[in-house]
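# Report on the structure
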Amino acid sequence: MSYLCTYISIPQAEHTHAVVLSRPAWLWGAEMGANEHGVCIGNEAVWTREPVGEGEALLGMDLVRLGLERGDSARAALGVITGLLEQHGQGGPCREDPKPFSYHNTFLLVDRLEAWVLETAGKLWAAQQVTEGVKNISNQLTIETEIALEHPELRSTAQAQGWWNGEGEFSFSAAFSPDNPPARMELAKQRYRGGTELLKQHNGSVTAEVMMTILRDKASGICMDSEGFRTTGSMVSVLPRDSAYPCIHFFTATPDPSRSVFKPFIFSECMTPVPRVISPQYGPEDPVRKQPRFRSQVAREHDLYKAHQHALSNMETDQEAGASLQETLRYLESQCLMDIGALLRGEIPEEDLGDLFFDCVDTELKFYQ
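Keep in mind that what you see is a predicted model, and the values were worked out from it rather than measured.

## Some remarks on the pairing of strand β4 (residues 32-35)
- Neither face of β4 is open: one carries Met32 and Ala34, the other Gly33 and Asn35, and all of them are buried.
- With four bridges connecting them, strand β3 (residues 19-22) and β4 associate as antiparallel partners. What sits directly across from Val20, in β4, is Ala34.
- Of the pairings in the sheet, the one linking β4 to strand β5 (residues 40-46) comprises three bridges and is antiparallel in character. Of the residues in β5, the one forming a bridge with Ala34 is Cys40.

As C-alpha cells, then:
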C-alpha cells in the first residue's frame, strides 16, 4: 500500500502513532508536532554546498510528520527520517507559489529522555546527541565535530569535493556550509545567537513560561513579523521524565506568539476533536494537487485564525480595547499553566484536562467575538 505525502507516494508503514501537528495548510507534512509517545520534532530550512534537487521528493516537513508517525522515540524517529531521506531524497517547492523555492532541512528531535539535532545536505546527514545544557537551531548548520551518527558517505563526499582535506577532526558545518549563503541565512545567525543567549540565561531553570517568553522575543528575531515573514505558529512541550505523568504540548494555532495564546494539548483516548483549528481541505481540486501546481489560490484559514486576524485588526484601530483583550488572553494562558502545574504535581487527575485544548480554543473564540 502506498502513502501520498505532499508530492510523492511512499510505502505505508504497518503501524503508525497518533500525532498532533502544526503545519502549513497547503501541504501534507508539518513544521512541528508531537506523537502519543512524547516524541517532538521541529524543522528549519537550511542551504548547503550540496545543490537543492530540482525534482519533487519528500519535503523536510513531510519528514517531520513521518518521523512522528513512525518513531516511538527520538532516536527511532531519527532513523525513520534518515532512512526515508536516503531512499527518497528531499526536494520540491516549499511554499504555495509557482515561483521555485526549495531548501534542505535541519531538525530538533526530543522525547522524555533524549534530544538530538539532525542536519542534512541532500541525502547526506549528520546527527548530534544533546546530553546537557541547551540547544537551538535557526536556518544554518550548527553541528561541528560533535557528530554521534552520520551518513556512511558523508566524509568521503566532503573529501572528494575538496570541502575537507581528510586530516584532523571533521566538522560538518565547516565542510557543508555554503560559501555564499542566502541573505536569510546571514539574518539567521542573529536569531541563532539570540536564541542561544536567551536559553543560556535560563539554563537549569527552563520552564514552559520561559520558552513562551523566548518564542515571543522580537529583538532577537525569533518572533518574526517583518520583511514578508511572520512566525505563523509556535509550540512548547513539557516532557516529564517520569512516564507516570503525561506530556503536555502547547500550541498557538495562530500567528505571532506575542499576540497569541499558547493552549495545552494532552493525548487522551476520549479527547474532543477541535475542528475550528483545522483548515479546509480541497481534495484532488486543491492547487497543490493539480498539474501544473499552484496556478490558483484557495481560502485555507481555519475559524480560529480568521477570528484572531479580525481581532488583530480591531486591536490596531482601538489600542485601549486591544490592550484589554490582550490582558484577558494572557490571563487565559496563565490559568492553563496553573492547571498544568497542578496536574504535574498530582493535584488534578489527568482525565479532568483531556479536553483542555478544546476548551481553550472555544474560550479564545468567545473573547474575540
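## What to know about the packing of aromatic side chains
- If you walk through the whole model with that rule in mind, you get ten aromatic pairs.
- Measuring from centroid to centroid gives 5.0 Å for Trp164 and Phe170, while their planes differ by 75°, and the two rings are edge-to-face. The residues Trp164 and Phe170 share a single accessibility class, namely buried.
- By the ring-pair criterion, three or more aromatic residues cluster together here, those being Trp47, Phe101 and Tyr103.
- When the ring centre of Trp116 is taken as reference, the NZ or CZ atom of Arg75 above it lies at 5.9 Å.

## A closer look at the packing of helix α7 (residues 303-317) against helix α9 (residues 356-368)
- Where α7 meets α9, the axes come as close as 9 Å, and the angle between the chain directions of the two elements is 35°. In the crossing of α7 with α9, the sense of the turn from one axis to the other is left-handed. Of the residues in α9, those touching α7 at Asp303, Leu304, Ala307, His308 and Ala311 are Val361, Glu364, Leu365 and Tyr368.
- Broken down by class, the residue content of the contact of α7 with α9 amounts to six nonpolar, one polar and two charged.

## Examining the pattern of salt bridges
- Scanning the model with the defined rule gives 15 salt bridges in all.
- For the salt bridge of Arg49 with Asp179, the shortest nitrogen-to-oxygen distance reads 2.6 Å. Linking Arg49 in the loop between β5 and α1 (60-70) with Asp179 in the loop between α4 (172-176) and α5 (183-201), this pair joins segments that are 130 residues apart in sequence.
- On the basis of relative accessibility, which here comes to 25%, the residue Arg49 falls in the partly exposed class.

## Some thoughts on the environment of Gly38
- Within the element layout of this structure, Gly38 appears in the loop between β4 and β5.
- When the C-alpha atoms of Gly38 and Val19 are compared, they prove to be 9.7 Å apart, with 19 residues separating the residues in sequence.
- Excluding its chain neighbours within four sequence positions, the residues that come into contact with Gly38 are Val110, Asp111, Arg112, Leu239 and Cys247.

## Considerations on the side chain of Arg293
- With respect to the secondary-structure elements, Arg293 resides in the loop between β14 (263-265) and α7.
- In this structure the side chain of Arg293 is engaged in a polar contact, spanning 2.5 Å, whose partner is the backbone oxygen of Val288.
- Those residues in contact with Arg293 that lie beyond four places of it in its chain are Tyr7, Glu56, Pro287 and Val288.

## Topic: the sheet that holds β5
- If you trace the seven strands from one edge of the open sheet to the other, you get β3-β4-β5-β6-β7-β8-β9, paired in antiparallel fashion. Looking at strand neighbours, the two that pair on one side only are β3 and β9 (149-150), the edges of this open sheet.

## A short note on empty space enclosed by the protein
- Considering all chains together, one arrives at two cavities of 30 Å³ or more under this definition.
- Estimates place the volume of the largest cavity at around 40 Å³.
- As for the largest cavity, its lining consists of Arg259, His308, Ala311, Leu312, Met315, Gln326, Leu329 and Tyr368.
- Broken down by secondary-structure element, the contributors of at least two residues to the lining of the largest cavity are α7 and α8 (319-344).
- Per-element accounting of the lining of the largest cavity gives the leading share, four residues, to α7.
- Residues belonging to the lining of the largest cavity are distributed by class as follows: five nonpolar, two polar and one charged.

## As for the sheet that holds strand β13 (residues 248-251)
- Across the sheet, which stays open at both edges, the three strands sit in the order β12-β13-β14 with antiparallel pairing between neighbours. Here the strands that pair on one side only, and so sit at the sheet edges, are β12 (235-238) and β14. Averaged over neighbouring strand pairs, the angle between their axes works out to 25° when direction is ignored.
- As paired strands, β12 and β13 are joined by four bridges and run antiparallel to one another. Paired with Val238 across the bridge in β13 is Ile248.
- Across the sheet, α9 touches β13 and β14, and the angle it forms with β14 is around 155°.

Cut-offs and rules
- Every chain's residues receive numbers from 1 upward, in the order its sequence appears when written.
- This being a predicted model, a pLDDT of at least 70 is required before a residue's local features are given, and a value of 80 or more before pairs of side-chain atoms are given or counted; all residues contribute to the totals for chains, interfaces and linings.
- To get the side-chain values, all heavy atoms of the structure are used, and hydrogens and water are removed first.
- Think of it in three bands: residues with accessible area under 20% of the maximum for their type are buried, residues over 50% are exposed, and the middle band is partly exposed, with areas taken using a 1.4 Å probe on protein chains only.
- Secondary structure is summarised from DSSP: a helix means a run of H or I of at least four residues, a strand means a run of E of at least two, and numbering begins at the N terminus for each.
- What makes two strands pair is DSSP finding at least two bridges between them.
- Geometry of aromatic contacts follows a simple scheme: Phe, Tyr and Trp rings, the Trp one being its six-membered ring, pair when their centres are within 6.5 Å, and the pair is stacked under 30 degrees between planes, edge-to-face over 60, tilted otherwise.
- Any Lys NZ or Arg CZ found within 6 Å of a ring centre and within 35 degrees of that ring's normal is scored as a charge over the ring.
- All axes are obtained by fitting lines to C-alpha atoms, using only the stretch in contact for helices, and the reported angles, taken between N-to-C directions, cover 0 to 180 degrees.
- Two helices crossing with the near one rotated counterclockwise from the far one by less than a right angle form a left-handed crossing, whereas a clockwise rotation gives a right-handed crossing.
- Contact definition: two residues touch when any of their heavy atoms are within 4.5 Å.
- Just so you know the grouping, Ala, Val, Leu, Ile, Met, Phe, Trp, Tyr, Cys and Pro go in nonpolar, Asp, Glu, Lys and Arg go in charged, and all remaining residues, Gly too, go in polar.
- Throughout this description, the term salt bridge denotes a Lys or Arg side-chain nitrogen within 4 Å of a carboxyl oxygen of Asp or Glu.
- Identification of polar contacts relies on pairs of N or O atoms within 3.5 Å, with a donor-acceptor requirement for protein atoms, meaning one able to donate a hydrogen and the other able to accept it, and with residues adjacent in sequence counted only if both atoms are side-chain atoms.
- Only protein atoms enter the 1 Å grid, on which a cavity is a set of points fitting a 1.4 Å probe that cannot get out and a pocket is an open set with protein on both sides within 12 Å along at least 5 of 7 lines, lining residues being those with an atom within 4 Å of a point.
- Grid points are joined across faces, edges and corners, and a volume is the space filled by probe spheres set on the points.

By themselves, these figures tell us nothing about what the structure is for.
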